[in-house]
Amino acid sequence: MYRRVTQLMLQEPQTNTYERKASFTPPKRFHKMAKKILMSVNMRCEKCRSAALKIGGQTTGVTFVGLEGKEKDQVVVIGEGIDAAGLVLRLRKKVGFADLISVTDVDTS
């Protein structure tokens, strides 16, 4: 028993085969495209509006955040690699009711 344990301790650790795959670069067809995300948010006051804009602006990859609609109750977020569902969940948690209306591609040229 003791001999087997020492033999295992003296062996070199095995290299992980997944380390070589970490330098993988995705092909160009998986390139992140700019998206326009339109969400309806229940904003009762100016504090709610500023909180919604702040949450949209803090998301990584965002290039534009703004308000749309007749009553300025829709938040527009434009950027690359944005998780639309995650953004809606954060708005629901911090501001109130939020609904995802549309996610469309934006022409960047």
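Reading guide: rules and limits
Residues numbered from 1 in each chain as written. Predicted model: local features only at pLDDT ≥ 70, side-chain atom pairs only at ≥ 80, totals over all residues. Heavy atoms only, no water. Pairing = 2+ DSSP bridges. Helix = DSSP H or I, 4+ residues; strand = E, 2+ residues; numbered from the N terminus. Buried < 20%, exposed > 50% of the residue type's maximum accessible area, 1.4 Å probe, protein only. Salt bridge = Lys/Arg side-chain N within 4 Å of Asp/Glu carboxyl O.

With an unreviewed UniProt entry as reference, the chain is termed HMA domain-containing protein, source organism Brassica napus.

Novice: Where do I start with the pairing of strand β3 (residues 74–80) in this structure?
Specialist: Every regular strand shows the same layout, with side chains that alternate between the two sheet faces. Across seven bridges, the pairing between strand β1 (residues 34–41) and β3 is antiparallel. Considered in β3, the bridge of K36 is made with I78. The pairing of strand β2 (residues 62–68) with β3 spans six bridges and is antiparallel. By the bridge assignment for β3, V62 is matched with G79. Connecting the antiparallel pair β2 and β3 is a turn made up of five residues, with G69 showing a positive phi of about 100°.

Novice: Sorry, what's going on with the pairing of β1 here?
Specialist: Judged from the seven bridges that link them, β1 and strand β4 (residues 98–105) form a sheet pairing that is antiparallel. Within the sheet, the bridge partner assigned to S40 lies in β4 and is D99.

Novice: What am I meant to see in the environment of K35 here?
Specialist: Its location among the elements puts K35 in strand β1. The exposure class assigned to K35 is partly exposed, which follows from its relative accessible area of 29%. Spatially, the C-alpha atom of K35 lies 4.6 Å from that of D105, the residues being 70 residues apart in sequence.

Novice: So what exactly am I meant to see when it comes to the pattern of salt bridges here?
Specialist: Pairing is possible between side chains that carry opposite charge, provided their charged atoms lie close to one another. This structure, assessed with the given rule, holds three salt bridges. The shortest N-O distance in the salt bridge between K36 and E68 comes to 4.0 Å. With K36 in strand β1 and E68 in strand β2, the pair connects residues that are 32 residues apart, well separated along the chain. Here K36 falls in the partly exposed class, since its relative accessible area comes to 29%. Overall, the relative accessible area of 32% leaves E68 in the partly exposed class. The shortest N-O distance in the salt bridge between R49 and E46 comes to 3.3 Å. Of this pair, R49 and E46 both sit in helix α2 (residues 46–58), three residues apart, which is roughly one turn of that helix.

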